[in-house]
Amino acid sequence: MTKLQKPKYAYMGGRIVDWDDARIHVASESLIRGISVFEGIKGYWNADETDLGLLALRAHFSRLKRSAQLNEIPFDMEFDGFSEACMSLVRALHAKGSDLWIRPTVYSVQGNWGLDTESDLVITCYQQPKQRPPGIEVGISTWQRPLDNALPARIKSAANYQASRLARIEGRSAGFEDMILLNPMGRVAEATGSCLLMVREDCVFTPPAYEGCLESITVGIVEQLCETLHIPFKRRPVERSELFIADELCLVGTLMEFGHLRRIGHRPMPAEHRLIGRIADEFWAAVRGSRPHPAVELTSVLGGQVGS
Ligand code: PMP
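Remember, predicted model here, so these are calculated numbers, not experimental data.

Engineer: Teacher, can you tell me more about the site of the ligand here?
Structural biologist: Close contacts around the ligand come from 15 residues, with Tyr161, Glu190, Ser216, Thr218 and Thr254 the closest. Side-chain polar atom of Lys156 to a nitrogen atom of the ligand: 2.9 Å apart, as the coordinates give it. A distance of 2.4 Å separates an oxygen atom of the ligand from a polar atom in the side chain of Tyr161. Expressed as a share of its isolated accessible area of 390 Å², the protein-covered part of the ligand is 95%.

Right, dumping it as structure tokens:
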């Protein structure tokens, strides 16, 4: 995990503001009860660095809307306004050749216990390295993802990252870069900020959302890439013990991208990641615009041609 950057600007209150002026009052519900929902969106430069494309902008907006609705935070912005808000910050902060990670957050800035709630869309944006992520070593946490009637995993809310944070602290002390969280039934939910793909007998499996994971946009893309590549893909519960006999394991998500597992607990994973490697190659060719794919929707920032 790299140190948090301090960019020049943020977006708050409907405009670009200096980073140091992006402040929230200590009495706001977003601070005292953790009431905020957010998204993470990647901006990819195309291969010849003539344009930057925001991946799956509309899908992220839809999920942000769903999260706000489930968390009872009023957020009535339309897609065009949201897109323009993201674009304005990206235009102010982009640097040629440096990919971006954009974090739009809807904070509850007024209100108490859900009464008279008012929200504000705040956007921050960070530079990201362009290289593909290396393999990672992952443990299984003693912290769990809660059930849907406690803290629904499909809400991408700050509160949902309490267990993730504790899991990362737990994992760090044991030398792991990330941790897998199980659900109360002892089956695999997801990792701290990404979903799990498991390959067994030439089929890609991933736990469905009802197992306690976020409704991942990257997994949706993977599903469609698998269809193109004629790789069988199935959403079904994944048991803990299956992790130890899997042919390949991979964490996927907007920020994680494709992090294949080199070790799970004390067990090394097979060095070859044949199917995941093919899916990741297809993903990278699409996000860089060299082999567009309809599942990889890129919204152009600079007006050039990126992706499909
Ligand atoms: N699970 C969690 C807990 C996450 O934070 C993320 C990242 N948003 C994911 C899964 C992957 O979701 P997505 O592919 O939409 O980024």
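Now that the structure has been shown, the text picks up again.
Engineer: Quick question: what am I supposed to make of the side chain of Ser30 here?
Structural biologist: Mapped onto the fold, Ser30 is located in helix 1 (residues 29-32). The exposure class of Ser30 is buried, given its relative accessible area of 9%. With residues up to four places along the chain from it excluded, the contact list for Ser30 reads Ile24, Ile35, Tyr107 and Ser108.

Engineer: Would you mind showing me how to read the pairing of strand 10 (residues 188-191) here?
Structural biologist: Regular strands show a simple pattern: their side chains alternate between the two faces of the sheet. Where strand 9 (residues 178-182) lies against strand 10, 3 bridges are found, and the strand directions are antiparallel. Bridge pairing links Leu182 to Val188 in strand 10. Hairpin connection, strand 9 to strand 10: the antiparallel pair is bridged by 5 residues, and Gly186 has positive phi, about 85°.

Engineer: I tried to follow the layout of surface pockets on my own but got confused; where do I start?
Structural biologist: Where empty space is left in the structure can be found by rolling a water-sized probe over the atoms. Here the second largest pocket is characterised by a volume of approximately 190 Å³. Taken together, 14 residues line the second largest pocket, and the ones lying closest to its centre are Ala56, Leu57, Ala59, Ala295 and Glu297. Breaking the lining of the second largest pocket down by element, the ones donating at least two residues are helix 2 (57-70), helix 5 (217-229) and strand 17 (298-300). Tallying contributions element by element places helix 5 first for the lining of the second largest pocket, with 4 residues. Class assignment for the residues of the lining of the second largest pocket results in 9 nonpolar, 3 polar and 2 charged.

Engineer: I would appreciate a short explanation of the state of the cysteines in the present structure.
Structural biologist: Using the criterion set out here, one finds 0 disulfides in the structure. Cys203 forms no disulfide, and the closest cysteine sulfur to it belongs to Cys226, at a distance of 8.5 Å.

Calculation rules
- Residues numbered from 1 in each chain as written.
- Predicted model: local features only at pLDDT ≥ 70, side-chain atom pairs only at ≥ 80, totals over all residues.
- Heavy atoms only, no water.
- Near = heavy atom within 4 Å.
- Polar contact = N/O pair within 3.5 Å; in protein donor to acceptor, adjacent residues only side chain to side chain.
- Areas by Shrake-Rupley, 256 points an atom, 1.4 Å probe, with all protein chains shown as cover.
- Helix = DSSP H or I, 4+ residues; strand = E, 2+ residues; numbered from the N terminus.
- Buried < 20%, exposed > 50% of the residue type's maximum accessible area, 1.4 Å probe, protein only.
- Contact = heavy atoms within 4.5 Å.
- Pairing = 2+ DSSP bridges.
- 1 Å grid on protein atoms, 1.4 Å probe; cavity = no way out; pocket = protein on both sides within 12 Å on 5 of 7 lines; lining within 4 Å.
- Points joined across faces, edges and corners; volume = space filled by probe spheres on them.
- Nonpolar A, V, L, I, M, F, W, Y, C, P; charged D, E, K, R; others polar.
- Disulfide = S-S within 2.5 Å.

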